[in-house]
Amino acid sequence: MKETAYSYKNLPIPGGGYVTGFLFHPEKENILYIRTDIGGCYRFDYHDKRWYSLSESVNMFDLSETYPIAIAVAPKKPERLYIASGTDQSCDENGHPWGKLSISEDFGRNFIHRKIPFYVHGNMNGRGTGYRLIQDPSAEATLYFASQKDGLLRTEDLGVSWEKLQTGGETYMTFVWCSENGKTLIAGSAGVTTGNKRLRGHSLYVSYDKGEHFEKMPMPESVEIDGSKWSGYVAQRYDYDGRFFYCTLANTGRNSYVTDIGYNCDSGDVIGGRVIRYEFGDDGRICGYKDITPDCAADADGIYTISQAQTLDYGFGGISSCRSMPGLLAVSTLCREEGDILYLSRDYGENWEVTMFDLSIGNLHFETSYMKPEYNGGHSLLHWLSDVKINPFHPDEVWFNSGTGVFVGNNFTRADRSFCDCCRGIEETVHLNVYGPVDGPVLALDIVGDLGGFAFQSLSTPCENSFADSEGNRYITCINADFSDLHPETVVVTPRGNWKGKTRGGLILSKDYGRTFDRIPLPYGISDYLDERFKLIECPNVNSGWVALSSDTKSIVYCVADGIDLFAKGVIVSNDCGKSFHKVKIYDLEKKDISDSGEHFKVYSDRVNADVFYGFGDGLKLFYSCDKGNEFYQVTGTYFSEQELCLGLIDCANKTEIRGDGGKEGIFYLALGKFGLYKLVFTQTEYKKAEVKLQKLAGSKDAAYRVGLGLLSENSDYLGCDKALYICGTLEGVYGFFRSFDDGRSWEKINNEEQQFGDINSIDGDSRCFGRFYIATGSFGLKYGEPV
């Protein structure tokens, strides 16, 4: 097979996702790493002032490395990096979960990988705690790993074998620390296995014999907090400055949506936060603690019981010291409803000052456009400040995370301090669909999880804002979009309403290429089922569904979501551009009305004929409508197993891709996963009836996961000519990205082993630039590829 060299770049967003932790090298300057929840790890280049991904060689068959739960360095070997990662898909042949330990000897450019034979998941509860992975300073081959469900683990041969240490019976761990001599270990936990239904168990344990025996560390007593979904302190993060050991604590909040193992901000919210400082005696043992929580008064001895202090309505997350300036501390609040605070102390936590609070203190400004307050209801979008790190060599440089990127503070110890996002190079977003419009100013229409969507008019410049209402309030997590090739200025999109309730989900319509949107009111009163769905869709962060728009822009077929499912009973149609809707009628091969059934049903419009829509059911049942989407008639039986080929799912559960051929009536290209790539041709034979031709375009054992259509040649007309095909799949046993200029008869591979980009959710060709195509990744942003 021919190989053609391609280069790949991002259409910049940047940022976008939850950065779960920072790591400076303690001994060598200018080495800074981050881990993310779904986008792998990055290293910061101080010369270029940007981040570089360490994980883009990951492919969709093993996504472990895109879900890191911990990173660590070797104190005496600055070039060495350790990463612990994993997903729910990581299991051995017996179904036992396992994670991956990746070891690099060149600052993350190359890795060797070893198995961690226990559960690891970088995007599950506890992802914001740490440090979970450390090297014993006294033994280079010894690593400790605080796992999420399987206790404290140790390897003495760099991950070849592992053993489980006994930490007081607790198995849901949050962090581990090791002293310079390797004798003292401190382990943090979520108090799950040692707790009860009302109150978590103890969450701090210490060993003075290299982990052979653990005992409970002294700490504030947990008590039941009114309204907490699960009371009891969870050890969040720690730091050690050579004199004191510091630890942040929090309880599960009143509004948490995870109540079993929920801890840290990723369970929804936290309350009852505390910041504790431990001191060591001359014998190296913990000799007591002092509560140094900001805004909470302690007694004369600095120790108090919980009844003597207020229960804060927020927690504390990150904490950091700085050995080049003894006494300097930074600590962040967590899930503070009125806006999170970054505190500074110059005397080991005895006194605190507020260095940043919302938009009023600290000179916080935003370089990335969609982060600006005017696009976020006039508020700071900062949330989930679960980590903060002071540069150990430059105390005026401080970094903190958020649920949408990273921020850096300059002049941290001075009155003229300032803070700003620093996300250049970070592209940690889940992209669900991408489209290359035929005409107009928009080059790529990008449908994104969390951030909603972007209409890119430049390959190198971020958009001014994501999809928003007339007041700039952003929509979130759009599922798909549709537009007319003849009138690309008209775009209809299916967003969720944002977390603050400033926008509501359903359908939004743009008549200026996605620059501005108006919301189409949801049509209550059609059926009880739809009314129930509409009420949920108008709540924050609920899937809205799937939409198809006729080529004359007058008819809209809306498949209303039921979670991640699209059912026949949820399909409605408007023939007046959204002013009114009514129920669609759907008939099976026996002319039975299945409009109120629970069968999966997803609709696409014809790219040319405004009267025609197509319905797709599981197993590739095919339906045809020639009356503007009012009635659909089944025209074929199933081609595949309905259980193995599900076409009625949305969001990341959608594992297929269907593309209509622009400029041609009735032609679609179907990437059906392991079943391969197909060309589908509908031909109307008489009113309400159509003949179907289905042709496989690749080998019998080839797989196609995503498909897009682009220009066939430099001088071809997209709407008037045949198309180039771009796919993500496995051809002749090789996985990658491929293109074909002869309708799938021959292929060229257009990527190398370093250009795989994890999970791929959608592909489309550029309809105006030959050779260019777009890739909607699940972890690394929106990519575009061009021949070198």
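All of these numbers come straight from a predicted model, not from anything done at the bench.

When its secondary structure is counted, the protein chain shows 1 helix and 58 strands. Seen through its C-alpha atoms, the protein chain measures out along the principal axes to roughly 90 × 55 × 50 Å. Across the 788 residues of the protein chain, 65% fall into the buried class. Counting every atom, the protein chain has about 28300 Å² of accessible surface; 47% of that belongs to carbon and sulfur. Of the charged side chains in the protein chain, 80 are positive and 109 negative; the average position of the first set lies 1 Å away from that of the second.

Right, let's talk about the pattern of salt bridges for a bit. Between side chains of opposite charge, pairing is possible as soon as their charged atoms come close. Scanning the model with the defined rule gives 43 salt bridges in all. Across the pair Glu-631 and Lys-688 runs a salt bridge, and its minimum N-O distance is 3.0 Å. Placement of the pair is Glu-631 in strand 47 (residues 631–634) and Lys-688 in the loop between strand 50 (677–686) and strand 51 (689–696), with a sequence separation of 57 residues. A relative accessible area of 26% means that Lys-688 is categorised as partly exposed. Across the pair Lys-664 and Asp-722 runs a salt bridge, and its minimum N-O distance is 2.3 Å. Highlighted residues: Lys-664 in the loop between strand 48 (657–660) and strand 49 (667–671) and Asp-722 in the loop between strand 52 (703–711) and strand 53 (723–731), separated in sequence by 58 residues. Among the residues examined, Asp-722 registers a relative accessible area of 48% and is labelled partly exposed. Among the charged side chains, a salt-bridge network with shared partners connects Lys-77, Arg-80, Glu-105 and Glu-140.

Here we take up the packing of aromatic side chains. Throughout the structure, instances matching the rule amount to 53 aromatic pairs. An angle of 85 degrees between the planes, with centres 4.9 Å apart, marks the rings of Phe-44 and Tyr-46 as edge-to-face. When the ring of Trp-177 is compared with that of Phe-280, the centres are 5.8 Å apart and the planes differ by 40 degrees; the resulting orientation is tilted. Of the two residues, Trp-177 sits in strand 15 (residues 173–178) while Phe-280 sits in strand 21 (residues 270–280), which places them 103 residues apart along the sequence. The class of Phe-280 is buried, set by a relative accessible area of 19%. Feature note: the residues Tyr-131, Phe-175, Trp-177, Tyr-238, Tyr-240, Phe-245, Tyr-278, Phe-280 and Tyr-289 constitute an aromatic cluster, connected by ring pairs.

Right, let's talk about the sheet that holds strand 28 (residues 388–390) for a bit. Strands pair in a sheet through their backbones, by hydrogen bonds, and they do so in one of two ways: parallel or antiparallel. Read across the sheet, 5 strands follow the order 27-31-30-29-28 without closing on themselves; strand pairing throughout is mixed. Whereas interior strands pair on both sides, the edge strands pair on one side only; in this sheet they are strand 27 (364–365) and strand 28. In this structure, strand 27 lies alongside strand 31 (residues 418–421), joined through 2 bridges in parallel fashion. Residue pairing in the sheet places His-365 in a bridge with Cys-420 of strand 31.

The subject of this paragraph is the side chain of Glu-748. With respect to the helices, strands and loops of the structure, Glu-748 is situated in strand 55 (residues 748–749). The exposure class assigned to Glu-748 is buried, which follows from its relative accessible area of 11%. Engagement of the side chain of Glu-748 in a polar contact is seen with the side chain of Thr-4, the distance being 2.7 Å. Glu-748 has contacts with Met-1, Lys-2, Thr-4, Phe-737, Phe-738, Arg-739 and Phe-741, leaving out every residue within four places of it along the chain.

For the rest of this paragraph, the subject is the environment of Gly-525. By secondary structure assignment, the location of Gly-525 is in the loop between strand 38 (518–520) and helix 1 (528–537). Judged by its relative accessible area of 61%, Gly-525 falls in the exposed class. Spatially, the C-alpha atom of Gly-525 lies 9.5 Å from that of His-582, the residues being 57 residues apart in sequence.

Turning our attention to the sheet that holds strand 45 (residues 613–617). What the 5 strands build is an open sheet, ordered 43-47-46-45-44; its pairing is mixed. The open sheet has two free edges, formed respectively by strand 43 (585–587) and strand 44 (602–605), since each of these has just one partner strand. Averaged over all pairs of adjacent strands, the angle between their axes in this sheet comes to 25 degrees, without regard to strand direction. Judged from the 2 bridges that link them, strand 46 (residues 621–625) and strand 47 form a sheet pairing that is antiparallel. Looking across to strand 47, one finds that Tyr-624 is bridged to Tyr-633.

Most of strand 23 (residues 315–321) sits inside the fold, with 7 of its 7 residues counted as buried. The pairing of strand 23 with strand 24 (residues 329–334) spans 5 bridges and is antiparallel. What sits directly across from Ser-321, in strand 24, is Leu-329.

Trp-51, Trp-399, Phe-400, Val-406, Phe-737 and Phe-773 are the most contacted members of the largest nonpolar core, which totals 66 residues. Top contributing element to this core by residue count: strand 57 (residues 773–777), with 4 residues. By size, the runner-up hydrophobic cluster in this structure holds 55 residues, among which are Val-442, Tyr-475, Ile-586 and Cys-626.

Further remarks concern unusual backbone geometry. Residue Tyr-131 is bonded to the preceding Gly-130 through a cis peptide linkage, with omega at 5 degrees. Within the secondary structure, Tyr-131 is located in the loop between strand 10 (112–116) and strand 11 (133–135). Here the phi dihedral of Lys-49 falls at roughly 55 degrees; this positive angle occurs in a residue that is not glycine. Checked against the element boundaries, Lys-49 lands in the loop between strand 5 (41–45) and strand 6 (50–53). At Lys-210, a position not held by glycine, the phi torsion is positive, near 60 degrees. As for its position among the elements, Lys-210 is in the loop between strand 17 (204–207) and strand 18 (215–216). Classification of Lys-210 as partly exposed rests on a relative accessible area of 42%.

In terms of burial, strand 46 is a largely internal element, 5 of the 5 residues being buried. Residue alternation in strand 46 divides its side chains into two sets, Lys-621, Phe-623 and Ser-625 and Leu-622 and Tyr-624, and both sets are buried. Counted along the chain from strand 45 to the antiparallel partner strand 46, the turn is 3 residues long, and its residue Gly-619 has a positive phi close to 75 degrees.

Positionally, Glu-353 belongs in strand 26 (residues 353–357). With 12 residues separating them along the chain, Glu-353 and Ile-341 place their C-alpha atoms 10.0 Å apart. Setting aside its immediate chain neighbours within four residues, Glu-353 contacts Leu-342, Tyr-343, Leu-344, Arg-346 and Arg-417. At 3.0 Å, the side chain of Glu-353 and the side chain of Arg-346 are in polar contact.

Here is what the cut-offs are and how they apply
- Residues numbered from 1 in each chain as written.
- Predicted model: local features only at pLDDT ≥ 70, side-chain atom pairs only at ≥ 80, totals over all residues.
- Heavy atoms only, no water.
- Helix = DSSP H or I, 4+ residues; strand = E, 2+ residues; numbered from the N terminus.
- Buried < 20%, exposed > 50% of the residue type's maximum accessible area, 1.4 Å probe, protein only.
- Areas by Shrake-Rupley, 256 points an atom, 1.4 Å probe, with all protein chains shown as cover.
- Lys, Arg positive; Asp, Glu negative; His and termini not counted.
- Charge placed at Lys NZ, Arg CZ, Asp CG, Glu CD.
- Salt bridge = Lys/Arg side-chain N within 4 Å of Asp/Glu carboxyl O.
- Phe/Tyr/Trp six-rings, centres within 6.5 Å; stacked < 30°, edge-to-face > 60°.
- Pairing = 2+ DSSP bridges.
- Polar contact = N/O pair within 3.5 Å; in protein donor to acceptor, adjacent residues only side chain to side chain.
- Contact = heavy atoms within 4.5 Å.
- Axes fitted to C-alpha atoms, helices over the stretch in contact; angles between N-to-C directions.
- Core = buried A, V, L, I, M, F, W, Y, C linked by side-chain atoms within 4.5 Å.

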